[in-house]
Amino acid sequence: MLIASLSCPWSHGVLIARALKGLETRLPLQIACGPRIQGYALDRSGPLAFSGAYERRHVHELYAQSDPCYTGRATVPILWDRQDNRIVSNDSAKIMRGLDDVPKAGAVILAPKFLQHDIDDLNAFLYARLSNAVYRAGLARSQVAYDEAVASVFETLEHLEERLGKRRFLLGSAVTESDWRLFTTLVRFDAVYATHFRCTRKRLVDFPNLWAYARDLYQWEGIAETVDFPEILAGYYLNDGDNNPHRIIAERPDAAWHAPHDRDRLGSRQVYARQDNDNFAAVTRPFPPKAS
């Protein structure tokens, strides 16, 4: 079972992988949401919320059940073993990569072996320079720290703007894991990073290539359903008492996510699909596969 938050970008990456690979029925979903008084709470309607010998109401209780000596942070996403009642993994990158190993003929592969080194390098760059840098900006406690983080954010966005003017996806003609990890940051940028996290120099919509690229990914079958803007806004604004003590949720800026993106001029959209255990091919085909 997957335990994930609709507001968290790292949870979102795993939710996207689950959707694109058609694993909704094989990997049930438990949503973690609401005010984080004791960290993430479990949604009452979910399959884990009130099952077992006692009522589980918070993610930290799952950590305690897995390891009574655990004293670290209770984070999501979580891959949970319902048979053994324990956490298998709380590492979003490893969970995403693990879903690639689920055997299924013709399955979409987000990180084919021959590209994994390039994907890992790109993921590390995006995390350090953008996806984590927006948090460093939003949670900065000094002007110097804020200035450094914001400079990193917009230098990286400018780099990506240039890169995506020449190719449809980050690593060429086929979408990979790196594209979806970047998407989870871009889809939150104008809604919460440019506003609540004070990354105000430019909005995503001010970068023509990046904005079109983000719309391209958003419009893939099954992806818009993984994006919950009200939950994203609530997740940031209502759980950041230092920066928002009165718990006011800012209005989300207008953004036409369904507008035409014209990315087809850079080539057809392709995915990597498994041919056999060790061979992959870039193919153009309907997306995603039927859930199983």
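The preceding data block contains the structure.
Residues numbered from 1 in each chain as written. Predicted model: local features only at pLDDT ≥ 70, side-chain atom pairs only at ≥ 80, totals over all residues. Heavy atoms only, no water.

Participant: For this particular structure, what's the right way to read the packing of helix H1 (residues 9-20) against helix H7 (residues 177-193)?
Facilitator: The angle between the axes and the distance between the axes are what describe a pair of packed helices. Two elements in contact, H1 and H7, have axes whose closest approach is 9 Å; the angle formed by their N-to-C orientations is 130°. One way to sum up the angle between H1 and H7 is to call them oblique. Viewed along their axes, H1 and H7 form a crossing whose handedness is right-handed. For the pair H1 and H7, the contacting residues are Pro9, His12, Gly13, Ile16 and Leu20 in the first and Trp180, Phe183, Thr184, Val187, Arg188 and Tyr193 in the second. Tallied by class, residues from the contact of H1 with H7 come to seven nonpolar, three polar and one charged. (Axes fitted to C-alpha atoms, helices over the stretch in contact; angles between N-to-C directions. Helix = DSSP H or I, 4+ residues; strand = E, 2+ residues; numbered from the N terminus. Parallel < 35°, antiparallel > 145°, perpendicular 65-115°, else oblique. Left-handed = near helix turned anticlockwise from the far one by under 90°. Contact = heavy atoms within 4.5 Å. Nonpolar A, V, L, I, M, F, W, Y, C, P; charged D, E, K, R; others polar.)

Participant: Honestly, the nonpolar core in this entry has me stumped. Any pointers?
Facilitator: Nonpolar side chains in soluble globular proteins tend to be buried together. In terms of nonpolar packing, the biggest core is built from 67 residues, with Trp180, Phe183 and Phe189 touching the most fellow members. A per-element tally of this core places H7 first, with nine residues. Beyond its immediate chain neighbours, meaning those up to four positions away, Phe189 contacts Val134, Val153, Phe154, Leu157, Ala194, Cys199, Lys202, Arg203 and Leu204. One finds Cys8, Leu48, Val59 and Ile87 within the second-largest nonpolar core, a separate group that totals 14 residues. (Core = buried A, V, L, I, M, F, W, Y, C linked by side-chain atoms within 4.5 Å. Buried < 20%, exposed > 50% of the residue type's maximum accessible area, 1.4 Å probe, protein only.)

Participant: I tried to follow the packing of aromatic side chains on my own but got confused; where do I start?
Facilitator: Any pair of aromatic rings gets described here by the distance separating the centres and the angle formed by the planes. In this structure the tally under the stated criterion is 18 aromatic pairs. Consider the rings of Phe189 and Tyr193, whose centres lie 6.3 Å apart with planes at 75°: the pair is edge-to-face. Here Phe189 pairs with Tyr193, and both are found in helix H7, just four residues apart, close to one helical turn. Take Phe189 and Tyr193: they sit in the same class, and that class is buried. Centroid distance Trp211 to Trp257: 4.8 Å. Interplanar angle 80°. Geometry classified as edge-to-face. Of the two residues, Trp211 is situated in helix H8 (residues 208-218) and Trp257 in the loop between helix H9 (229-237) and strand E8 (270-274); the sequence distance between them amounts to 46 residues. Judged by its relative accessible area of 12%, Trp211 falls in the buried class. A relative accessible area of 6% means that Trp257 is categorised as buried. An aromatic cluster of three or more residues is present, and its members are Trp10, Tyr127, Tyr135, Phe154, Phe189, Tyr193, Phe197 and Tyr236. (Phe/Tyr/Trp six-rings, centres within 6.5 Å; stacked < 30°, edge-to-face > 60°.)

Participant: Please explain H1 as it appears in this structure.
Facilitator: Given 3.6 residues per turn, any residue in an α-helix points the same way as the ones three and four places further on. Taking 1.5 Å of rise per residue, the 12 residues of H1 would be expected to cover 16 Å, and the 16 Å separating its terminal C-alpha atoms lies within 8% of that figure. Along H1, the positions that sit buried rather than exposed are Pro9, Ser11, His12, Gly13, Val14, Leu15, Ile16, Ala17, Arg18, Ala19 and Leu20. At the C-terminal side of H1, Gly22 shows a positive phi close to 65°. (Expected span 1.5 Å × (residues − 1).)

Participant: Explain the pairing of strand E2 (residues 29-33) here, please?
Facilitator: When a strand is regular, its side chains alternate between the sheet's two faces. Where burial is concerned, most of E2 is hidden: four out of the five residues are buried. As paired strands, strand E1 (residues 2-4) and E2 are joined by three bridges and run parallel to one another. Following the sheet pairing, Leu2 is matched in E2 by Leu29. Following the chain from E1 across H1 to the adjacent parallel E2, one finds a crossover that is right-handed. Pairing of E2 with strand E3 (residues 41-42), which is carried by two bridges, proceeds in the antiparallel orientation. When the sheet's bridge partners are listed, Ala32 is paired in E3 with Leu42. (Pairing = 2+ DSSP bridges. Right-handed = clockwise from strand over helix to strand, strands pointing away.)

Participant: Help me understand the sheet that holds E3 in this model?
Facilitator: Strand pairing in a sheet is mediated by backbone hydrogen bonds. Such pairs are either parallel or antiparallel. Ordered in space as E3-E2-E1-E4-E5, the five strands form an open sheet in which the pairing is mixed. The open sheet is flanked by E3 and strand E5 (86-89), the only strands paired with a single partner. Lying over the sheet, H1 contacts E1 and E2, oriented at roughly 140° with respect to E1. Contacts from helix H2 (residues 59-66) reach E1, E2, E3, strand E4 (78-81) and E5, with the element oriented near 50° to E4.

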